[in-house]
Amino acid sequence: MKTFTEFGLEPQVLQAITELGFEEATPIQSQSIPIALTGKDMIGQAQTGTGKTAAFGLPLISKINKNEDRIVALVMTPTRELAIQVAEEIGKLSRFKGIRSLPIYGGQDIGRQIRALKKKPQIIIGTPGRLLDHINRKTIRLDDVQTVVLDEADEMLDMGFMEDIQTILKLVPEERQTMLFSATMPPNIQKLAQQFLKDPEHVSVIPKHVSAPLIDQAYIEVPERQKFEALSRLIDIESPDLAIVFGRTKRRVDELAEALQKRGYSADGLHGDLSQHQRDTVMRKFRDGSIDVLVATDVAARGLDVSGVSHVVNFDLPQDPESYVHRIGRTGRAGKQGTAWSFVTPREMDHLHFIERVTRHRIPRKPLPTMAEAIEGKQRVIAEQVIEIIENGELNEYKGLAIQLLEQYDSVQLLAAAMKLLTGDNKKEAEIQLTPEDPIRVKRRKPDLRSGRKPSGYGRSNYGGYNRDRNNSGGRGGYSKGGYGRDNGGGSRDRNYSGDRKPRTNNGDRRPNRSGDSSYRG
Ligand code: ADP
Ligand code: MG
């Protein structure tokens, strides 16, 4: 580990790092920053949450003259949320130096972006689709760009942005520095790098275990119909600071968020069908803690960096082991303890074992929490809150009524009723009906597809062997013959994927061209 002073960064940049509270550089930062500062092209590989933004952001900021009034740096990210997130971090890191950066993404009014561009930002952080829109309108020119960053490159290619990225990169002067960051290095990333990077240095930080050791993982075997009850009990027992609950489909997310609200939890949902404004509102509420349960699809939550997420719940098991790792990685960030639970229906036990094999991590079983534990957990929290109010609160205004009530009722009865009200148990009667989701089916991977997208330490033979096992399991023919899925073989992840992408008319981002990648069925 290195301290940031070792890199020879400007005092204003060091000041920003201090303000952000970074004490030492993360491994990917220690390795990348010195190389990036020399101006060489580079490829950086590290898992999410390892600080890749500052790894490229700090050298980028160092390079820029603050009196510059042209766009000299371009960062491409897969989603608007990531564009906003990266722009925020770069904004913070460059604050004292006085560099101007601007996020550009689909879903936001283009006129507003054009006005913001008139303020002459030096760094643009954008999604490929909207960037191309601006380039075509000539509201963004890339003629002066000296540095290009491809952030979360594997995600961008997964979303079908290969052609857009190629088009954009061809418009940037050849005399430039290009940095590519990615959690995984599938062949299509290597191809892109060969095409556009010059003699790049490789830096990679690959953890031995794909899941961070600080994340406490467990699964609960629970029938589909009882999942909601199990979730409410878990929330009551654990009273998470911030929790992300993953649902498989947009419908699931909507229904679950609504059900949680009905039961009195402060919850909201996030998926690709919401307008940009709605998404921003939900994210803001989650970040500032005014909601404490965020229900989300994979795509909506991918890459989001919210600090302080104490719990992740896989309400529905994800299709891919990678998704599992991505999801649980939303907690246990920045060295904090996190908890990740997965609900597994009896039919999905095989799929859970598959995830265990690929991630090389045994996930311990946990019993379904009982009603009694839930009640106890909830009452404990309320009792703590009541005591806190007694200790700190100004209660005089309430005492008159309290005395009156005590003349009529027994004190224990009164307090119990008040606590029932506080626990929201009067809302417990709310009738909850969720549309059942199909059990996950084991997706057969074609060996040539996305073959590089795998957590480290997993060999292709795992998949192959597993698939063979499944095919030999004879008696369960019905399991793989469809009948559970509505589409033919796409699998719910694919449904999710295509569903979460919005057509160009809605958000200005190009609908990715998926024709080259048959794993996605529109
Ligand atoms: P990645 O892009 O690799 O997923 P991010 O760049 O989003 O990771 O960083 C994850 C979180 O860690 C952010 O909240 C960021 O502010 C924080 N962070 C980055 N570098 C450091 C550091 N050196 N020390 C402490 N926190 C850091
Ligand atoms: Mg990142």
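Residues numbered from 1 in each chain as written. Chains lettered and ligands numbered in written order. Predicted model: local features only at pLDDT ≥ 70, side-chain atom pairs only at ≥ 80, totals over all residues. Heavy atoms only, no water.

A. View of the overall build of the protein. A count of helices and strands for the protein gives 22 helices and 13 strands. The buried share of the protein, reckoned over its 522 residues, is 53%. Taking as baseline every contact in the protein between residues at least 6 positions apart, the subset at least 24 positions apart corresponds to 79%. For the protein, the accessible area works out to roughly 24,000 Å², and carbon and sulfur atoms hold 50% of it. (Helix = DSSP H or I, 4+ residues; strand = E, 2+ residues; numbered from the N terminus. Buried < 20%, exposed > 50% of the residue type's maximum accessible area, 1.4 Å probe, protein only. Contact = heavy atoms within 4.5 Å. Areas by Shrake-Rupley, 256 points an atom, 1.4 Å probe, with all protein chains shown as cover.)

B. Broad picture of the packing of helix H3 (residues 52-63) against helix H4 (residues 80-94). Packing of H3 against H4 leaves a shortest axis separation of 10 Å and a crossing angle of 45 degrees. The angle between H3 and H4 falls in the class oblique. Between H3 and H4 lies a crossing whose hand is right-handed. Contacts between H3 and H4 involve Thr53, Ala54, Phe56, Leu58, Leu60 and Ile61 from the first element and Val86, Glu89, Ile90, Leu93 and Ser94 from the second. By residue class, the composition of the contact of H3 with H4 is eight nonpolar, two polar and one charged. (Axes fitted to C-alpha atoms, helices over the stretch in contact; angles between N-to-C directions. Parallel < 35°, antiparallel > 145°, perpendicular 65-115°, else oblique. Left-handed = near helix turned anticlockwise from the far one by under 90°. Nonpolar A, V, L, I, M, F, W, Y, C, P; charged D, E, K, R; others polar.)

C. Examining the environment of Asp298 more closely. Looking at where Asp298 falls in the secondary structure, it is placed in helix H13 (residues 298-301). For Asp298, a relative accessible area of 11% translates into the label buried. For the pair formed by Asp298 and Arg327, sequence separation is 29 residues and the distance between their alpha carbons is 7.3 Å. Of note is the side chain of Asp298, whose polar atom sits 2.6 Å from the side chain of Arg327. (Polar contact = N/O pair within 3.5 Å; in protein donor to acceptor, adjacent residues only side chain to side chain.)

D. Structural context of the sheet that holds strand E5 (residues 147-150). Ordered by their spatial adjacency, seven strands build an open sheet running E3-E4-E2-E5-E6-E1-E7, and the pairing between neighbours is parallel. Where the open sheet ends on each side, the last strands, each with one partner, are strand E3 (101-104) and strand E7 (201-205). If you compare each strand with its neighbour and ignore which way they point, the axes differ by 15 degrees on average. In this structure, E3 lies alongside strand E4 (residues 123-126), joined through four bridges in parallel fashion. Looking across to E4, one finds that Pro103 is bridged to Ile125. Along the sheet, H4 makes contact with strand E2 (73-76), E3 and E4, crossing E3 at roughly 175 degrees. (Pairing = 2+ DSSP bridges.)

E. Representation of the pairing of strand E1 (residues 42-46) in the model. With respect to burial, E1 is a largely interior element, five of its five residues being buried. A two-sided burial pattern is seen for E1, the buried positions comprising Met42, Gly44 and Ala46 on one face and Ile43 and Gln45 on the other. Sheet analysis places E1 next to strand E6 (residues 177-182), joined by four bridges and oriented parallel. Bridged to Ile43 within E6 is Leu180. Note that E1 and E7 share five bridges and pair parallel.

F. How the structure looks around a nonpolar patch on the surface. A cluster of nonpolar side chains, namely Leu401, Leu405 and Tyr409, defines an oily patch on the protein surface of about 290 Å² accessible area. Among the secondary structure elements, Leu401 is positioned in helix H17 (residues 396-408). Of the residues examined, Leu401 reaches a relative accessible area of 53% and is grouped as exposed. (Patch = residues over 30% accessible without salt bridge, like charges linked within 9 Å, V, L, I, M, F, W, Y side chains within 5 Å. Salt bridge = Lys/Arg side-chain N within 4 Å of Asp/Glu carboxyl O.)

G. Highlighting the nonpolar core. Judged by nonpolar contacts, the single largest core of 35 residues is most densely connected at Phe56, Leu58, Val75, Ile90, Ile123, Ile125 and Phe181. Listed by contribution, the elements that provide at least two residues to this core are helix H1 (11-20), helix H2 (27-38), E1, H3, E2, H4, E4 and E6. Broken down by element, the residue count for this core peaks at six residues, all from H3. Apart from residues lying up to four places away in sequence, Ile90 is in contact with Phe56, Leu60, Ile61, Val75, Ser101, Ile123 and Ile125. Ile140, Leu142, Val148 and Ile165 belong to the second largest nonpolar core, which has 33 residues in total. (Core = buried A, V, L, I, M, F, W, Y, C linked by side-chain atoms within 4.5 Å.)

H. The sheet that holds strand E10 (residues 267-270), seen in detail. As summarised here, the arrangement of the six strands in space is E8-E13-E12-E9-E11-E10, forming an open sheet in which the pairing is parallel. The sheet terminates laterally at strand E8 (215-221) and E10, the two strands that pair on one side only. In this sheet, neighbouring strand axes are inclined to one another by 20 degrees on average, regardless of whether the strands run parallel or antiparallel. Packed onto the sheet, helix H12 (residues 276-287) meets strand E9 (243-246), E10 and strand E11 (293-296) and runs at close to 135 degrees relative to E10. Sitting on the sheet, helix H14 (residues 321-328) is in contact with E8, E9, strand E12 (311-314) and strand E13 (338-344), with an inclination near 150 degrees to E12.

I. Structural context of the pattern of salt bridges. Throughout the structure, instances matching the rule amount to 19 salt bridges. Across the pair Lys97 and Glu10 runs a salt bridge, and its minimum N-O distance is 3.2 Å. Separated by 87 residues along the polypeptide, Lys97 in the loop between H4 and E3 and Glu10 in the segment before H1 bring together distant segments of the chain. One salt bridge connects Arg279 with Glu81, and the closest N-O pair in it is separated by 2.6 Å. With Arg279 in helix H12 and Glu81 in helix H4, the pair connects residues that are 198 residues apart, well separated along the chain. Taken individually, Arg279 and Glu81 each receive the classification buried, so the pair is uniform in this respect. Through salt bridges that share partners, Glu68, Arg70, Arg141, Asp143 and Asp144 make up one connected network.

J. Spotlight on the packing of aromatic side chains. If you walk through the whole model with that rule in mind, you get four aromatic pairs. When the centroid spacing of 5.4 Å and the interplanar angle of 50 degrees are considered together, the rings of Phe56 and Phe181 count as tilted. Of this pair, Phe56 sits in helix H3 while Phe181 is found in strand E6, placing the two residues 125 residues apart along the sequence. The class for Phe181 is buried, based on a relative accessible area of 0%. Through a chain of ring-to-ring contacts, the aromatic side chains of Phe4, Phe7 and Phe22 assemble into a single cluster. (Phe/Tyr/Trp six-rings, centres within 6.5 Å; stacked < 30°, edge-to-face > 60°.)

K. Structural detail: the confidence of the model for the protein. The share of residues in the protein with pLDDT of 70 or more is 80%, and the mean pLDDT across the chain is 80. Segment residues 443-522 is flagged for pLDDT under 50; beyond a separation of four residues in sequence, or across chains, it makes 172 contacts in the model. (pLDDT = per-residue confidence, 0-100.)

L. Representation of the layout of surface pockets within the structure. As a volume, the second largest pocket reaches approximately 810 Å³. Surrounding the second largest pocket, 20 residues form its lining, Val386, Leu395, Ala402, Leu415 and Ala418 being those nearest its centre. Those elements that provide at least two residues to the lining of the second largest pocket are helix H16 (371-392), H17 and helix H18 (411-423). In terms of residues, the lining of the second largest pocket owes the most to one element, H17, which gives seven residues. Considering only residue class, the lining of the second largest pocket consists of 17 nonpolar, two polar and one charged. (1 Å grid on protein atoms, 1.4 Å probe; cavity = no way out; pocket = protein on both sides within 12 Å on 5 of 7 lines; lining within 4 Å. Points joined across faces, edges and corners; volume = space filled by probe spheres on them.)

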